[in-house]
Amino acid sequence: MMKLVVEVLDAMDLMPKDGQGSASPFVEVDFDEQQKRTQTKEKDLNPVWNEKLVFSVSNPRDLPNKVIEVVVFNDTKASNGHHTNFLGRVKISGSSVPFSEQESTIQRYPLDKRGLFSRIRGDIALKAYVVQDGSGSVSAPPPTKTEYPSSVHAEPDYHHEETSFEEINTNKIDEDFRVEEKKSKKKEKEVRTFHSIGTGGGGGPPPAAAAPPPMSSGIGFTKAPAMETKTDFARAGPAQAALMQVQGPRQDPEYGLQETSPPLAARRPYRAGDKLASTYDLVEQMHYLFVHVVKAKDLPVMDISGSLDPYVEVKVGNYKGVTKHLEKNQNPVWNQKFAFSKERLQSNQLEITVKDKDIGKDDFVGKVLFDMLELPLRVPPDSPLAPQWYRLVDKKGEKVKKGEIMLAVWMGTQADESFPDAWHSDAHNISHSNLANTRSKVYFSPQLYYLRIHVLEAQDLVPSEKGRLPDAFVRVQLGAQSKVTKLCQKTINPKWVELEEFIFVASEPFEDFIIVSVEDRVGPGKEEILGRVSIPVKDVPQRHEITKFPEPRWLSLHKPSATDEGGEKKEKKFSSKILLRIFLEGGYHVLDDSTNFSSDLQPSAKPLRIRKKKIGDLDLGILSAKNLPPMKIKDGRTTDAYCVAKYGNKWARTRTLLDIQAPRWNQQYSWEVYDLCTVITIGVFDNAHTNGSKDDAKDQRIGKVRIRLSTLQTNRVYTHYYPLLVLQPSGLKKNGELHLAIRFTCTAWANMVTQYGRPLLPKMHYVQPIPVRHAEYLRYQAMVIVAARLARAEPPLRKEVVEYMLDVDIHMWSLRRSKANFNRIMSVLSGVTRVCKFLADICYWRNPVTTCLVHVLFLILVFYPELILPTIFMYLFAIGIWNYRFRPRHPPHMDVQLSCALNVHPDELDEEFDTFPTTKPPDIVRMRYDRLRSVAGRVQTVVGDLASQGERAQAILSWRDPRATAIFIIFSLIWAAVIYVTPFQVVAILIGLYWLRHPRLRSKLPSVPVNFFKRLPSKSDMLL
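Computed from a predicted model, the values in this text were never measured in an experiment. (Residues numbered from 1 in each chain as written. Predicted model: local features only at pLDDT ≥ 70, side-chain atom pairs only at ≥ 80, totals over all residues. Heavy atoms only, no water.)

Visitor: Is there a simple way to explain the sheet that holds strand β12 (residues 258-259) in this structure?
Guide: The strands that make up a sheet are held in pairs by hydrogen bonds between backbone atoms, and each pair lies either parallel or antiparallel. Spatially, 5 strands are ordered β12-β38-β39-β32-β35 in an open sheet, and the strand pairing comes out antiparallel. On the outer flanks of this sheet lie β12 and β35 (664-673), each paired with one strand and no other. (Pairing = 2+ DSSP bridges. Helix = DSSP H or I, 4+ residues; strand = E, 2+ residues; numbered from the N terminus.)

What follows is the structure, encoded as structure tokens:
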């Protein structure tokens, strides 16, 4: 006898049903009036069963007509174990079940709803196959003919690459109604039935020989062979249309957040004496031994020459720190600080030794000993510990004749102000020149302004060649930014009729000069400067509010070869002139990061920034990281990791922890928040300048995290491990996890609430918007200025770090990103689709009870129209209250599924990481161009169809089709008369009842208005 085996493996991301954010799921499987269930997994939203359920198959030939129903329930353990909570179900067609275990594959099925208002999510992994009683495989029975759409085996659509199958929609309204009329009155809720196509089993014909996976299809897309494939059909049988499956499988838990509970002071009640509880409460306390070596005096001479080159050696156990040596100085001043982690201390004695630098062995001068148990504990906001003079002792412990050293020694935490500048014990092999590259610092971006220049006209230009009229144009330069005007031919008094407006980015302090030169195009590629003027940016007026432009100014042009004195003399006699209008725009916000996740929206001018009050504070604790990849394998080391956090114009950089893959920073930073709809970015990098590398060595990116503040609850501390995801030419890579603690504290509730009704950007962006063609160029120039300024700090925040944090390449073409944006659009439109389907179900009486209730509601609203708006808003309120139960519990993070980053073809990634302009061979460029043409052709077709529908609507009254327009206006006249003499309620009731009429009164053909609209002319026939 044959047996059907259903292996229930696991489920993922189930809906919590117990009111405590969890569920206790079990699975029931029904087949041919046989029912079996799995064990219950207590409090687990991602249960793993790995159980086999065996069913008897009475008639193998009838198996393709059977359905396997798999239902997931939540075991409430109430009412003698009776379960009441439904978690989802799946129906699998018997025709998809193979007749051997070798041919079966593990498949993940999304859980389906039981009704319209069911709240279901997640998927389940199943494996089904038929075996002979005795675990032997059997031959397949004669197949039942089942037609499948050719699109399943056709060329893969570029919008869906994860699986070899597509979701087929056979739920056409008319077909459904025909089927329902033939069924009995016992209606079953519609559920998707899953079929596996092309598996070679399930009674179908044997599969054809598998062809090797193509490198590229006609449009350059490929499909990797999938080990786990999923197909989703509404019903068995022939399908009329194929719809692309937009929503793929849920995100892999490997790329998700992990909630943690570290011992933070912010989560503990305040205790007396715990000063960190209110100042440094989002990180774990890390205790350090601090030693401040200030100076020494009256040191004895050790050399015969009478000189002394002293330095200090600070030693605790196996850790040793050394100051710089100062040549020929008996009263040296070092002023250096050392920090030793208490966790790594291996001794209870601190030894501070003064030595004399010598060619051979260094001479011993004296030392000071401290007992670790007697050191004072200092925690901010205590004032710094005052250093004291200590008499040096010799090796025997006896005081030397002369020589004292000034020291301060104490125990503290990472909150100590000496922590950032101290030499740390884990950096014992770092030289003093490279030590600065490992320190933690806070940076501020320069204040940026838009500089607007109008070039109006020039006069009395003098060309070098007499008797020749110049072909003049103007070149304007500010730093590395340069722009030119159009050419004015054959004139010594050029005027630019069309306003030549240039916009540059300038930064405080205004130290640059604006170079304006008038040039003559003598020949192809050859220009000659006719005159030049240099204008300091600090002398340019500012415009803060919406006022008219300042008056233009005439400026004298000077020959570039003339000296200052010659220029002054020539200016007294004669000089060419240029009319310019130059001013700084203080009412705009200069965007240096992407508008999609901007962290600062304030205007440039300081008077306008002062007016805006903060709404709260943002506190970020960078705790640790784990599983970081080794970035310096060639050097025999692992990773020198540090973090950079950017919000607004403030950048925070943690200390670099050397040669470790699980660093613990435990550093906290805070920002003032002026707008809640902003984003903070945290990046992790590998420091390439800890071992004397060249200045052109680049810090390698490990990953970054973005957190939108508006998604955080007020005064709540979020602690999670965030995955560090990086998209590389080889594919998506997870570079470990970053442990963060973040909290938003609101200090002005009224301001925070009113922010949602105010414009996102300053007023000038809406009154006089920056042209779109300039926006991305200006953002890039702002990024260049910020990167150049931060690279001059100590330690420098290098260009590659700033570019990665500001997403400088986000505007570049990416086929992967285009797919992701398309899927986002389809996800948004899916809500409209569900509403339309709900209305269609009402019209076609799929659920008679719901349809009757809609009839009653419709009649109430017709007779009491004043209830329409209250009903709509009350319904929206009810939906919001209902969805509150399912609100996100964690901050958002990088979604690899939304980004289409899991199964990206290597060629698409190679194109995404290609330089601009491209450096690829012509054959690859040609292939990518053909692929882009194919994609653009589809977009072109869709845009054309949309344009045709709009043109048909315009043609109703345009008399392009005189008969159609005449019919419409006559119909409109008749309806105007009928509606005028008929009460509005009567007309509304008739239209509503006609729209909700029973399916028996409906025709299977399109309605008259639809036919009339489709017959209207469009302009597609007028295109060449």
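Visitor: Mind showing me how you'd approach the sheet that holds strand β8 (residues 123-132) here?
Guide: Taken together, 4 strands build an open sheet; the order of strands is β4-β1-β8-β7 and the sheet is antiparallel. Looking at strand neighbours, the two that pair on one side only are β4 (48-57) and β7 (107-110), the edges of this open sheet. Between one strand axis and the next, the sheet turns by 30° as a mean value, whatever way the strands run. Of the strand pairs in this sheet, strand β1 (residues 2-12) and β8 are connected by 10 bridges, and their pairing is antiparallel. Across the sheet, E7 pairs through a bridge with K127, a residue of β8. (Axes fitted to C-alpha atoms, helices over the stretch in contact; angles between N-to-C directions.)

Visitor: When you look at a nonpolar patch on the surface in this model, what are you seeing that I'm missing?
Guide: Together, L957, W959, I969, I970, F971, I974, W975, V978, I979 and I991 give the surface a local cluster of nonpolar side chains, amounting to about 960 Å² of exposed area. For the nonpolar patch, the leading source of residues is helix α15 (residues 962-981), giving 7 residues. Among the structural elements, I991 can be located in helix α16 (residues 984-995). (Patch = residues over 30% accessible without salt bridge, like charges linked within 9 Å, V, L, I, M, F, W, Y side chains within 5 Å. Areas by Shrake-Rupley, 256 points an atom, 1.4 Å probe, with all protein chains shown as cover. Salt bridge = Lys/Arg side-chain N within 4 Å of Asp/Glu carboxyl O.)

Visitor: Help me understand the packing of helix α11 (residues 848-863) against α16 in this model?
Guide: In a pair of packed helices, the angle between the axes and the distance between the axes together describe the arrangement. Look at α11 against α16: their axes get within 10 Å of each other, and the N-to-C directions meet at 160°. Considering their axes alone, α11 and α16 lie roughly antiparallel with respect to each other. By crossing handedness, the relation of α11 to α16 is classed as right-handed. Contact residues: α11 offers H855, F858, L859, V862 and F863, while α16 offers Q985, A988, I989, G992 and L993. By residue class, the composition of the contact of α11 with α16 is 7 nonpolar, 3 polar and no charged. (Parallel < 35°, antiparallel > 145°, perpendicular 65-115°, else oblique. Left-handed = near helix turned anticlockwise from the far one by under 90°. Contact = heavy atoms within 4.5 Å. Nonpolar A, V, L, I, M, F, W, Y, C, P; charged D, E, K, R; others polar.)

Visitor: Would you mind going over the packing of aromatic side chains with me for this structure?
Guide: Aromatic ring pairs are described here by two measures, namely the spacing of the ring centres and the angle between the planes. Taken as a whole and judged by the stated rule, the model has 18 aromatic pairs. Each ring, one from F73 and one from F86, has its centre 6.2 Å from the other, and the planes form 75°; the classification is edge-to-face. On the criterion of sequence distance, the pair formed by F73 in strand β5 (residues 67-74) and F86 in strand β6 (residues 85-93) is long-range, its members being 13 residues apart. The two residues F73 and F86 agree in class, both being buried. Of note, R37 hangs over the ring of F26, and the distance from its end group to the ring centre comes to 3.8 Å. (Phe/Tyr/Trp six-rings, centres within 6.5 Å; stacked < 30°, edge-to-face > 60°. Buried < 20%, exposed > 50% of the residue type's maximum accessible area, 1.4 Å probe, protein only. Lys NZ or Arg CZ within 6 Å of the ring centre and 35° of its normal.)

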